[in-house]
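Tertiary structure, described
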Amino acid sequence: QVQLVESGGGLVQPGGSLRLSCAASGSIFSIAAMAWYRQAPGKQRELVAAISSGGITNYADSVKGRFTISRDNAKNTGYLQMKSLKPEDTAVYYCNANLKYSGSSYYQGYWGQGTQVTVSS
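Below, the structure is looked at part by part. Nothing here was measured: the structure is a model prediction, and the numbers come from that model. (Residues numbered from 1 in each chain as written. Predicted model: local features only at pLDDT ≥ 70, side-chain atom pairs only at ≥ 80, totals over all residues. Heavy atoms only, no water.)

Describing the pattern of salt bridges
A complete count under the given rule lists four salt bridges for this structure. The partner of arginine 38 in a salt bridge is aspartate 89, and the shortest N-O contact between them spans 3.0 Å. Of this pair, arginine 38 sits in strand β4 (residues 28-39) while aspartate 89 is found in the loop between β8 (77-82) and β9 (91-101), placing the two residues 51 residues apart along the sequence. Across the pair, exposure class does not vary: arginine 38 and aspartate 89 are buried alike. (Salt bridge = Lys/Arg side-chain N within 4 Å of Asp/Glu carboxyl O. Helix = DSSP H or I, 4+ residues; strand = E, 2+ residues; numbered from the N terminus. Buried < 20%, exposed > 50% of the residue type's maximum accessible area, 1.4 Å probe, protein only.)

Here's the deal with the pairing of strand β11 (residues 115-119)
Burial along β11 is one-sided: Thr115, Val117 and Val119 are buried, and none of Gln116 and Thr118, which face the opposite way, are. Two elements, strand β2 (residues 10-12) and β11, share three bridges in a ladder whose sense is parallel. Across the sheet, glycine 10 pairs through a bridge with valine 117, a residue of β11. Sheet analysis places β9 next to β11, joined by three bridges and oriented antiparallel. Pairing of valine 92 across the sheet is with glutamine 116, part of β11. (Pairing = 2+ DSSP bridges.)

Regarding the sheet that holds strand β7 (residues 67-72)
Through backbone hydrogen bonds, the strands of a sheet pair up, either in parallel or in antiparallel fashion. If you walk across this open sheet you meet the four strands as β1-β3-β8-β7, and the pairing is antiparallel. In this open sheet, the two edge strands, each paired with only one partner strand, are β1 (3-7) and β7. The sheet shows a mean angle of 15° between the axes of neighbouring strands, taken without regard to direction. The pairing of β1 with strand β3 (residues 18-25) spans five bridges and is classified as antiparallel. Note on β3: the bridge partner recorded for leucine 4 is alanine 24. (Axes fitted to C-alpha atoms, helices over the stretch in contact; angles between N-to-C directions.)

By themselves, these are just geometric observations and shouldn't be taken as functional.
This is the structure we're talking about:
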C-alpha cells in the first residue's frame, strides 16, 4: 500500500552537488520522521541524516555542514541536498520513513529501493 521512490542519484565529480528525492506514495495519514542511510560496498549501512515531523534534524559527523535534509509534507517527499561531495560519499543511498497510512493502527518503517551516488573524477 505504501511505496518510497528515490531519485536524483548519479555520477558527479568531487566538489559537486546532488539532490536526492524520496517520494512516498499511497494513502498516507502522516509521516513521523524521515531519514537517509547509505551503504558502500563492504561497509555497514549507516545513518546519514534524519528529520522529525517538527523539522528537528540530525546528521552524521562525516556529512555535517555539507548535507541538508528537508521535507515537504504536502508532497509527502523528503530531500537530501548534498554539497562538496567527496569520493568517500560514494554509496547507495536509501530513504527511510516512519509513517502511518489509512487503515493502519500504528506507525512503521518503510525503505526505498536505493539510488546510487558515485563521486569520482
